[in-house]
Structure formats: structure tokens, C-alpha cells
Amino acid sequence: MTEQTPDVPLTYAAAGVDTEAGDRAVELMKDAVRATHTPAVVGGVGGFAGLVDVSALRGYRRPLLATSTDGVGTKVAVAQAMDVHHTIGHDLVGMVVDDIVVVGARPLLMTDYIATGKVVPERVADIVRGIAEACAVVGTPLLGGETAEHPGLLGEHEYDVAGAATGIVEADAVLGAERVRPGDVLVAMAASGLHSNGYSLVRRVLDVAGWGYEREVPELGRTVGEELLEPTRLYTPVCLDLVDDPAVDVHALSHVTGGGLAANLARVLPRGLRAEVDVASWVVPPVFDLVRRLGNVPWADLQNTLNLGVGMVAVVAPGSADAALAAVRARGIEAWVLGEVGEDDGATGPDVVRGTKGVDGGAVRLRGEYRTS
């Protein structure tokens, strides 16, 4: 076999990987990353691994580590199409850190991973700045990360993001199904918008309708693209407020992400109990009804895909409901009583959800009719 050699020597840069661009990206982002570091962080930016001093954990009787990892999904396609990259980091932190707080854990650290077809320093720095801003909001150091250039695997303007976080909780303070009792009240916390789930459906609806992201929509008060890029609300601070409030007895928290309200609420209920949710207790925000009408999407499919305006649910003891509502509202988040927990009579039907996400737990019944105005 005859070997063929190129006339010009091949280099890593010629293969599509620009290490100097990666270095420039680090320079642009490092101040934002440093701003998230607490006194517990040891060392600076750029090491092989991030270090955090956990001496404070000696004060725990039986500390448990909580961990979560996630991405943003196809919402990144909207950011890429609009060339707006500084908000997607908020979505990443929300998807990861707010999954940790549902067990009552306090976040200790977060790391991120960005894969892209071509490292554009300013774009990567925008993404990381967004992550760092959100980490600062939830009081979590961004301890490390990786930006990988994958030419040939991803297009020049394509990227994906993922993250992981670790938190700590006292063993006897873990929130979840074991604490939930009949009579518990469901306190809903409003979503800021679509958050980061169901974008494959939303993008398909817009595509079929022929709507571009630049289209102005009076009922939204902005363009479709601006609405779709509204950052995911960060619930960790208010959830920790509830856990710390002596007037609030929190039994469980449910982060409403993929699968919708009922599927995620059922995950934190014990077998034998059922949550009764009044879907008329809030007004579904305009963007969700727009998707429904534009795509002729059935309500059943919509509620199994999108959050419909509820981003987090706190399951609290009956006497704690008013204090919980006050604490959430004090953080500037709309809150209301969504329903309550009772005995599960085993009834089935299209309005009852149980056995979701592989959890053999409780059930959720959605009753009433959604309000859109």
C-alpha cells in the first residue's frame, strides 16, 4: 500500500483545535469564576482539580453527600440561533443545583463542561459568566470546568453544556417521601417561564407554524426568542429559607422539570398517599397557552411535558402553609396553595399519575380545568 503524505505538515490547529483560543476563553471567564469562590475554596482557577475545605463538616453528626448532574437540553439550539449565550448558564445551574436542594442539601460546589465545534473565546466566556452569575445567586462556588473543542463532531457554531454539583445534608434532616403525611399542604412556587424542559416540542410547534424567533408577540410583550430564553428561576435560596425557618415544617420538595408537575410531585410522595392538585388554582402563563393553541397540543400532552407555570412545590405540614407562603413571597416569587395530600384510594384514570421516573411511590390527581386568563 502506498502511503500518501500531505504537502503541508498537519498540526493540531489544522485539524480544527485551537488551544490558544481555549486559553483566551479562560482569561475572559476567570474573574467571573473567581467571584463565586467562598473562603472554603482552596487554590485558584486553572488547576487540574478544584479544592474545597470541608473542615466544617466535622460539625455534622452523620453528613450525607448529595449529587446531581444535568444539562440544558435543546434550549441551547435557541441560544445558538439567536447568538445569545449569557443566559444559558442560569438554566444549567437551575437544573443541577435545584435538584440537590429538594433533599434539603446545601450546595457545596459545582463544575461545568462545555463541548463545542470551535472555541470562540467570547462565546465560551459568555456561557461561563452566566453559570458563574447563577452560582453566585445560589451561593455555590464554581469550582472547576472543562471546555472541549470537537471539530467534525459538532458544527462550528454548535455547543452543548452540562454540569454537576455536590451538596451536604444531615442524615436526619433529609427531605422526602418518608416525611409526607395525610393533610400536608402543597405550596406552589411560580416558574419564570418554560425553564429548560420541553423545548423539542416547543421548537417543533414553532417550526410547523413557520414562526421565527424574531417574531414579536403582543401577549408575551416581547419576541418569541426572548421569551424562550427567559432564564430558569433559581429556587435554592428560597428552599433553604424554608428549611431554616422554625415556623415552617417542610416535609418534601419537588422540582418540576421533565415530565411536568404531576410526574415530579409523585416522586416525593410515599406509596399509599395521593396529592390532590387543583389546576384552576393558578393562571397558566401566556407562553404555554400559545404553544397549545399554535400547535393544537392536547392539554394532557402539555401537562406531561411542560411546567405550565409551577417550578417548585413544597410539601409542608398543615400549620406551616401560611408561613411558607410568606417566606416564598418575601423572595419575590409568586406562591399559592396548590392542593393537599390525602389517602390514595387506588383510583386510576387519565387524571391520575403514579409510578413515575421508576419510583414506586404515591399518586397525584389533577382536578379542575386550567385557567388561561
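Residues numbered from 1 in each chain as written. Predicted model: local features only at pLDDT ≥ 70, side-chain atom pairs only at ≥ 80, totals over all residues. Heavy atoms only, no water.

Per an unreviewed UniProt entry, the chain goes by Phosphoribosylformylglycinamidine cyclo-ligase and derives from Georgenia thermotolerans. Regarding the chain, the UniProt comment filed under Subcellular location (unreviewed entry) reads as follows: "Cytoplasm". In its Catalytic activity (unreviewed entry) section, the UniProt record describing the chain reads: "2-formamido-N(1)-(5-O-phospho-beta-D-ribosyl)acetamidine + ATP = 5-amino-1-(5-phospho-beta-D-ribosyl)imidazole + ADP + phosphate + H(+)". (UniProt positions renumbered as here; feature names shortened; annotations may be inferred.)

Overview of the overall build of the chain
Counting secondary structure elements, the chain contains 11 helices and 15 strands. A sequence separation of at least 24 residues applies to 83% of the contacts in the chain between residues at least 6 apart. (Helix = DSSP H or I, 4+ residues; strand = E, 2+ residues; numbered from the N terminus. Contact = heavy atoms within 4.5 Å.)

What about the packing of helix α3 (residues 88-100) against helix α4 (residues 121-137)?
Between α3 and α4, whose axes approach to 6 Å, the crossing angle comes to 45°. In terms of their interaxial angle, α3 and α4 are classed as oblique. Two packed elements cross with a definite hand, and for α3 against α4 that hand is right-handed. In this structure, α3 contributes Ile88, Gly89, His90, Leu92 and Val93 to the contact, and α4 contributes Ile127, Gly130, Ile131, Glu133, Ala134 and Cys135. The class makeup of the residues in the contact of α3 with α4 is seven nonpolar, three polar and one charged. (Axes fitted to C-alpha atoms, helices over the stretch in contact; angles between N-to-C directions. Parallel < 35°, antiparallel > 145°, perpendicular 65-115°, else oblique. Left-handed = near helix turned anticlockwise from the far one by under 90°. Nonpolar A, V, L, I, M, F, W, Y, C, P; charged D, E, K, R; others polar.)

Comments concerning the sheet that holds strand β13 (residues 335-343)
What the seven strands build is an open sheet, ordered β10-β12-β7-β13-β11-β15-β14; its pairing is mixed. Where the open sheet ends on each side, the last strands, each with one partner, are β10 (250-255) and β14 (352-354). Put simply, the sheet's adjacent strands are angled 25° from each other on average, direction ignored. Sheet topology note: the strand β11 (residues 273-278)/strand β15 (residues 363-367) ladder contains five bridges and is parallel. Bridge pairing links Arg274 to Ala363 in β15. Set on the sheet, helix α11 (residues 321-330) makes contact with β7 (185-190), β12 (310-316) and β13; between it and β13 the angle comes to about 145°. (Pairing = 2+ DSSP bridges.)

Section: unusual backbone geometry
A positive phi angle, near 55°, is found at Asp83, a position not held by glycine. One can find Asp83 in the loop between α2 (75-82) and α3.

Remarks on the pattern of salt bridges
All told, the structure shown has 18 salt bridges when counted by the stated rule. Asp91 is the salt-bridge partner of Lys75, the closest N and O atoms lying 2.8 Å from each other. Placement of Lys75 in helix α2 and of Asp91 in helix α3 is noted, with a sequence separation of 16 residues between them. Under the relative-accessibility criterion, Lys75 is labelled buried at 0%. The exposure class assigned to Asp91 is buried, which follows from its relative accessible area of 0%. Note that Asp244 and Arg106 form a salt bridge whose closest N and O atoms lie 2.6 Å from each other. Of this pair, Asp244 sits in helix α7 (residues 236-244) while Arg106 sits in strand β4 (residues 106-116), placing them 138 residues apart in sequence. A network of salt bridges, in which partner residues are shared, links Arg274, Glu276, Asp345, Asp351, Arg365 and Arg367. (Salt bridge = Lys/Arg side-chain N within 4 Å of Asp/Glu carboxyl O. Buried < 20%, exposed > 50% of the residue type's maximum accessible area, 1.4 Å probe, protein only.)

Observations regarding the packing of aromatic side chains
Centre-to-centre distance and the angle between the planes together describe a pair of aromatic rings. Applying the stated criterion across every chain, the model contains three aromatic pairs. Consider the rings of Trp282 and Tyr370, whose centres lie 6.0 Å apart with planes at 80°: the pair is edge-to-face. Highlighted residues: Trp282 in the loop between β11 and α9 (286-295) and Tyr370 in the segment after β15, separated in sequence by 88 residues. Classification of Trp282 as buried rests on a relative accessible area of 4%. For Tyr370, a relative accessible area of 17% translates into the label buried. Three or more aromatic residues link up through ring pairs in this structure, and these residues are Trp282, Trp299, Trp336 and Tyr370. We note Arg215 situated over the ring of Trp211; from NZ or CZ to the ring centre the distance is 4.0 Å. (Phe/Tyr/Trp six-rings, centres within 6.5 Å; stacked < 30°, edge-to-face > 60°. Lys NZ or Arg CZ within 6 Å of the ring centre and 35° of its normal.)

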